[in-house]
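Observations on the model geometry
Chain by chain, the residues:
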Amino acid sequence: MIAKLHSFTHRLRQAFGPSDEHTPVLKTIQKNSLAATRCWLSVTSTEVTNPSLRENGFMIVIQIRGTNSRELWLDGKPIRTEPLGAGGVVFHDLRQCPQFYFHDPLDSVNYFLSRKTLNAIADDANASRISDLKFTPGVAVADRVVENLTRLLLPAFNNADQVSQLFADHISLALGSHIAQTYGGMKSAAAPWRGGLAAWQERRAKELMSANLRGDLSAGDIAKACSLSAGHFARAFRHSTGLSPHQWLQRHRISEAHILLRNPSLSLAEIARACGFSDQSHFTKAYTRLRGISPGAWRRQQEILPKS
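The notes below deal with the structure included here. As the structure is a computational prediction, the values presented were derived from the model and not from experiment.

Brief notes about the pattern of salt bridges
One pass over the structure, following the stated rule, counts 13 salt bridges. Across the pair Asp 132 and Arg 95 runs a salt bridge whose closest N-O atoms are separated by 3.6 Å. Of this pair, Asp 132 sits in the loop between α2 (115–124) and β9 (141–142) while Arg 95 sits in the loop between β6 (88–93) and β7 (99–102), and the two are 37 residues apart along the sequence. Relative accessible area serves as the criterion here: at 32%, Asp 132 is assigned to the partly exposed category. We classify Arg 95 as partly exposed; its relative accessible area is 34%.

Structure (C-alpha cells):
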C-alpha cells in the first residue's frame, strides 16, 4: 500500500544533489507495495538540500543510530526542530517542499505514504477518509510500532532481491494501517473483524502460496481469490493460522526444504532454488533462524546417525 518507490527515491537523489562524499548512500527496496529508502551519510552536510517537488503525501523518517541535529524549511520558511535521536520518528508533508541542513551524520529509513493510500486504507476499514495526519513538524515522536517494523525491514536493504512480495505487503499494510489509526484518527465504522477464513478460503490461500514459493504473489492477489479485501484477508488469515501470510509461507518453504534435505543427490543450492529462496545463503539463514541449526549441519548429523 506504500508505493511510488522509483519517484520517491528519485526525489531524494535530486534533493541531495550530485554524488560526492557529502551525499548520502541511498539503498532502496523495490516492491510495488513498499517505498522505503535507507539513507546513510558518515559526514555532515555542506549545503541545504534542494527543494523537492510538491507531492500529495508524507515522508516518514525514523533515525536508526546516533542523534541527528538538522535545520528544516517548509515552503522556504525556517521551522524549529529538535535533535532526532535513535528510534525517533518525524513526519513531513511533501506538499510543503521540505528542505534540510544536517549538522550530524545521517542514518535513517524514509517511507513514502500518499494520501491516495490513506484513502484506500480507510475505505478498506469502512471508515471515514482521513483529511490529514496530526504531527508537529520538526519534532520527533517515539513510536514502537514504526520502530519494530523498521527493524524487521533493515536486513532487507542489503539483500533487496531476497524480499518477497508478501513480506513487503506485510510491512506496508501494518505500517500504513498504524499511521492511519494513530496519526489520522481512523476508526472503523464496521464491527471488529473477529472471524477467521472459511475453510475454502484458507485452503485456497495456502494452495496459491504453495504454488508460488518465491512469494511473488501479492497479498491483494490472494485476497481477491478469497473474495476479500487485502486488509480483511490479512486479519482473517492470522486469526485462522496464528501467522501472517508471509510467516506461513516462510515456514512452509522451510518444511519443503527439510523434506528435500533427506535426498543426498540434491545440493543445498538446488534445494534453495526449488523452495523459492534467492540463493543458498538466503536459504541457510532462513533455515537456521527457524530450526536453530544450519541445513548443512543437519544433513551431516543424519549421516552419522545409526541406521534403524
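Next comes the rest of the write-up.
Remarks on helix α11 (residues 295–304)
When α11 is considered as a whole, its buried residues turn out to be Pro 295, Gly 296, Ala 297, Trp 298 and Arg 299. Where the residues of α11 are buried, they touch α8 (245–260), α9 (268–274) and α10 (280–291).

Observations regarding the environment of Gly 195
Along the chain, the position of Gly 195 falls in the loop between α4 (165–182) and α5 (199–210). By relative accessible area, which is 35% here, Gly 195 ends up partly exposed. Taking the C-alpha atoms as reference, Gly 195 lies 6.9 Å from His 239; in sequence the two are 44 residues apart. Ignoring any residue separated from it by four or fewer positions in sequence, one finds Gly 195 in contact with Ala 236 and His 239.

Conventions used here
- Residues numbered from 1 in each chain as written.
- Predicted model: local features only at pLDDT ≥ 70, side-chain atom pairs only at ≥ 80, totals over all residues.
- Heavy atoms only, no water.
- Salt bridge = Lys/Arg side-chain N within 4 Å of Asp/Glu carboxyl O.
- Helix = DSSP H or I, 4+ residues; strand = E, 2+ residues; numbered from the N terminus.
- Buried < 20%, exposed > 50% of the residue type's maximum accessible area, 1.4 Å probe, protein only.
- Contact = heavy atoms within 4.5 Å.

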